[in-house]
Amino acid sequence: MSKVITSLIGAGILGAGGYLYATPWISINQFREAIQAKDMPGIERHVDFPSLRTSLKDQLKAKLSEEITRQSGDNPLVNFGMGAFGYALAEPMINAAVDAYISPAGLKTLMAGSPPEGMGADAGPQAPQLPDTSSSDASVSMAYKTPNLFVVAASDSSNGQTVRFNFERRELVSWKLTSLTLP
């Protein structure tokens, strides 16, 4: 009798471990289905909007600074004068655009086919294009980076761009999109 109980306990531990290991794939599949069904409550369950907004704002501001530096070359007048002025003008637009788009209400209006309120086609900086995963040059990979970080990388070999969707474990079996790594 004790061998049967030991076997059952071992099988239960293996099953629970397998389920815990599979939870990011399960969560990502639920997220994908919620997006396809335009199910806002389902999407909200899988996105940490404040973390995602912070991540995108930081990356877009860094890209803006890099672009200002690249265009100014070594000219300190442009880099510290006009470049700083341009950054000061663009930073509030980046903040407003990210806040408008990366929110439950912003996603809902985007899914309805229109931009969020106050964000017309010419209202701010253009968002980077995500790789087209429907093309034959596209690939998607998924892997654990740490026990609490799971990364989905969507790559398009035709243009060399990769966007990484970073999911963090919340509680024991729940995962949320907390940041994107833009190309």
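Above this note sits the structure.
Figured I'd write up the structure that's included with this text. The structure displayed is predicted, hence computed values, not measured ones.

Here we take up the pairing of strand E3 (residues 161–170). Bridge count between strand E2 (residues 149–156) and E3: 8 bridges; the pairing is antiparallel. The residue of E3 that forms the bridge with Asp-156 is Gln-161. As consecutive antiparallel partners, E2 and E3 are separated by 4 residues, and within that stretch Gly-160 has a phi angle of approximately 70°, a positive value. In this sheet, strand E4 (residues 174–181) lies alongside E3 in antiparallel orientation, the contact comprising 7 bridges. Counterpart to Asn-166 in the pairing with E4 is Ser-179. The hairpin turn running from E3 into E4, its antiparallel successor, is 3 residues long, and Glu-171 in that turn takes a positive phi close to 60°.

In the structure shown here, the tally under the stated rule is 8 aromatic pairs. Between the aromatic rings of Trp-25 and Phe-150, the centroid separation amounts to 4.8 Å while the plane-to-plane angle is 75°, which identifies the pairing as edge-to-face. Remark: Phe-150 occurs in strand E2 and Trp-25 occurs in helix H1 (residues 2–37); sequence separation between them is 125 residues. Residue classification places Phe-150 among the buried residues on the basis of a relative accessible area of 0%. Every member of this aromatic cluster is reached through a ring pair, and the members are Tyr-21, Trp-25, Tyr-144, Phe-150 and Trp-175.

Here the focus is the nonpolar core. Counting residues in hydrophobic clusters, the biggest one holds 19 residues, and the most contacted among them are Val-47, Leu-52, Leu-56, Phe-167 and Leu-177. Of all the secondary-structure elements, those providing two or more residues to this core are H1, helix H2 (40–45), helix H3 (49–72), helix H4 (76–101), E2 and E4. Once residues within four sequence positions are removed from consideration, Leu-56 is found in contact with Val-98, Ile-102, Leu-180 and Leu-182.

Strand order across the open sheet formed by 4 strands is E1-E2-E3-E4, with antiparallel pairing between neighbours. Of all the strands in the sheet, the pair left with one neighbour each is strand E1 (138–146) and E4. In this sheet, adjacent strand axes meet at a mean angle of 25° when their direction is disregarded. Along the sheet face, H1 touches E1, E2, E3 and E4 and points at about 140° away from the line of E1.

So, about a nonpolar patch on the surface. Judged by side-chain polarity, Tyr-19, Ile-26, Leu-172 and Val-173 come together as a nonpolar surface patch covering roughly 360 Å² of accessible area. Within the fold, Ile-26 resides in helix H1. A relative accessible area of 34% means that Ile-26 is categorised as partly exposed.

Before going further, it helps to spend a moment on the environment of Ala-97. Within the element layout of this structure, Ala-97 appears in helix H4. Under the relative-accessibility criterion, Ala-97 is labelled buried at 12%. Considering only alpha carbons, one finds Ala-97 and Arg-53, 44 residues apart in sequence, at a separation of 9.9 Å.

Relative to the assigned elements, Leu-180 resides in strand E4. By relative accessible area, Leu-180 is classed as buried at 12%. Residues Leu-180 and Val-163 lie 17 residues apart in sequence; the distance between their C-alpha atoms is 6.9 Å. Once you skip the residues sitting within four places of it in the chain, Leu-180 turns out to touch Leu-52, Ser-55, Leu-56, Gln-59, Arg-164, Phe-165 and Asn-166.

The next subject is the side chain of Arg-169. Secondary-structure assignment places Arg-169 in strand E3. Among buried Asp, Glu, Lys and Arg side chains, Arg-169 stands out as unpaired, with Glu-168 the closest opposite charge at 10 Å. Of note is the side chain of Arg-169, whose polar atom sits 2.9 Å from the backbone oxygen of Pro-147. A polar atom in the side chain of Arg-169 sits 2.7 Å from the backbone oxygen of Leu-172. Setting aside residues up to four positions removed in sequence, Arg-169 forms contacts with Leu-20, Thr-23, Tyr-144, Pro-147, Asn-148, Ser-174 and Trp-175.

Reading guide: rules and limits
Residues numbered from 1 in each chain as written. Predicted model: local features only at pLDDT ≥ 70, side-chain atom pairs only at ≥ 80, totals over all residues. Heavy atoms only, no water. Pairing = 2+ DSSP bridges. Helix = DSSP H or I, 4+ residues; strand = E, 2+ residues; numbered from the N terminus. Phe/Tyr/Trp six-rings, centres within 6.5 Å; stacked < 30°, edge-to-face > 60°. Buried < 20%, exposed > 50% of the residue type's maximum accessible area, 1.4 Å probe, protein only. Core = buried A, V, L, I, M, F, W, Y, C linked by side-chain atoms within 4.5 Å. Contact = heavy atoms within 4.5 Å. Axes fitted to C-alpha atoms, helices over the stretch in contact; angles between N-to-C directions. Patch = residues over 30% accessible without salt bridge, like charges linked within 9 Å, V, L, I, M, F, W, Y side chains within 5 Å. Areas by Shrake-Rupley, 256 points an atom, 1.4 Å probe, with all protein chains shown as cover. Salt bridge = Lys/Arg side-chain N within 4 Å of Asp/Glu carboxyl O. Lys, Arg positive; Asp, Glu negative; His and termini not counted. Polar contact = N/O pair within 3.5 Å; in protein donor to acceptor, adjacent residues only side chain to side chain.

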